[in-house]
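Chain by chain, the residues:
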Amino acid sequence: MSRNLIFTGAVLAALGAVVLRMVLGPPGLGWYLLAWALFAAALWLARRVQGKWLDVLVVAGGIALAAIGPAAPPSSSTDSFRYAWDGRVQAAGVSPYAHPPADPALAGLRDDWLFPAGCADPLLWPLPEGGCTRINRPTVSTIYPPLAQGYFLLVEWLSPEGSRHKGLQLGGFALAVLALLTLWRLAGARGAAYWAWCPAVPVEAVNNAHVDMLGVLLVVLAFGAVRGRGGRAGAGALLGAAVAAKLLPVTALPGALSGALAGSGRVAWRRLLVVGVPALLVVAVSYLPYALVSGSSVAGYLPGYLREERYDGGGNRYAVLRLLMPDSWAPYAAIALLALIVLAVLRHGDAERPWQGALLVSGSFLLLLTPGYSWYALLVVALAAMTGWWEWLGVAVAGAVAYTDGPAAPDNLGTPFYAVAALAALVGWAARRSAGPRRHRPAGGTPVVRSP
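Cut-offs used in this document
Residues numbered from 1 in each chain as written. Predicted model: local features only at pLDDT ≥ 70, side-chain atom pairs only at ≥ 80, totals over all residues. Heavy atoms only, no water. Helix = DSSP H or I, 4+ residues; strand = E, 2+ residues; numbered from the N terminus. Buried < 20%, exposed > 50% of the residue type's maximum accessible area, 1.4 Å probe, protein only. Contact = heavy atoms within 4.5 Å. Core = buried A, V, L, I, M, F, W, Y, C linked by side-chain atoms within 4.5 Å. Patch = residues over 30% accessible without salt bridge, like charges linked within 9 Å, V, L, I, M, F, W, Y side chains within 5 Å. Areas by Shrake-Rupley, 256 points an atom, 1.4 Å probe, with all protein chains shown as cover. Salt bridge = Lys/Arg side-chain N within 4 Å of Asp/Glu carboxyl O.

(A) Broad picture of the environment of V282. Within the element layout of this structure, V282 appears in helix α11 (residues 265-294). The partly exposed category is assigned to V282, whose relative accessible area is 27%. Along the backbone, V282 and L147 are 135 residues apart, and their C-alpha atoms lie at a distance of 9.7 Å. If we skip the residues at most four places from it in the chain, V282 touches A237, G240 and A241.

Next comes the structure, spelled out in structure tokens:
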């Protein structure tokens, strides 16, 4: 047994101890940074670990880290309380888009867990008629799209009475492990380590049970379908399902169309139809039952959320761009730059490795908008595992810092971290282009020659 194997295992054990402290929470900024430092050290040491031992470290280590998530209630997010409520409402035969949790019409569905008797806890949200709830923003309807709602309902059906948050955490664990095993098959152990050992997985996907994990798994399966029997039509359907789970995976769609504009117009239209039509059909079919019941209210709180988070400009959004230009220009510059990146992927992207284009668009989207929520970067972590482009993991670090320091706090520390992450992504892109044609090993495949 090599010294590097022992050292890597020891660092992973230390990472597990730190993750346990984080889920026992609330995790402070120092714990986040320590966890990411141990993660980076484990990746560095694992470079010299070979063969089956690396597979064991990645798969067994990833499962063990993810299993820490359910050790305690959600440590740093209240989103899972809304998930549980939406599942309960649907099980009672009511559309989650029709009534906010504070609506007295749903008072019969309240219990002491989501609606505790006392209001001493500062994390509780007040109700207009008095009392409090664990559900954030209780006076507005849900924001989550229909496939997520189906997942919440399934967890509600499968969870024993009184299990509270555990069903959602175990669901997040199952989804995270499925993603790990799929990445291991597609990208090999060395690539899958980026996902398996990333501290965001046990904390955000499992402990906080964010439904983003469902969208991430569907994106990973979609790009696996490109290489398997499912083909591009299957990938389009899975990407549509991912969008219907959390919307943010729409940034992975251009990746599935990588290089579509490199050929003739006929080829471009064929690619667009093969991928786009199944994606649109899945989204439309998933929304249809809820639209028939709730009408236009299926948009939920999404418009209000975008205003609340200042995506119209201001706050801590577009923070990196605002270092370079007047604040009022930043939203328009973000749109223009993102459009150019999408166009570059459609024109020059590698059609055989669509996950590379998906990472460029998804990662750039977060770098340009600088959201204050760490779980948004779970998709970037999974795509970094598929590509092996480790520098994009800085996006997830920046999101964690931004969230821990307070998403709306002035002079949020996430801004310099996002700036460094953007610089790292640019340097990585330039280094790969300057390297010229070289041998790349596609996920799970044999080496091929490719131009940058």
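Still to come is the rest of the account.
(B) Representation of the nonpolar core. If you look at the biggest cluster of nonpolar residues, it comprises 132 residues, and the most contacted ones within it are W36, V58, W195, W197, M213, F223 and L383. Looking at this core, the element that brings in the most residues is helix α6 (residues 166-196), giving 13 residues. For W197, the contacting residues outside a window of four places in its chain are T8, L12, L15, F39, A42, L43, A46, L57, V58, G61, G62 and L65.

(C) Molecular detail of a nonpolar patch on the surface. A contiguous nonpolar surface patch, about 500 Å² in accessible area, is contributed by W269, L272, L273, V277 and L281. What makes W269 exposed here is its relative accessible area of 56%.

(D) Structural view of the pattern of salt bridges. The full count for this structure, using the stated rule, is eight salt bridges. For E129, the salt bridge is made with R110, and the minimal N-O distance between the two is 3.0 Å. Highlighted residues: E129 in the loop between β1 (125-126) and β2 (132-133) and R110 in the loop between α4 (79-91) and β1, separated in sequence by 19 residues. The exposure class assigned to E129 is partly exposed, which follows from its relative accessible area of 45%. For R110, a relative accessible area of 23% corresponds to the partly exposed category. Here D350 ties to R353 by a salt bridge, and the two come within 2.7 Å at their closest N and O atoms. In terms of burial, D350 and R353 fall into one category: buried.

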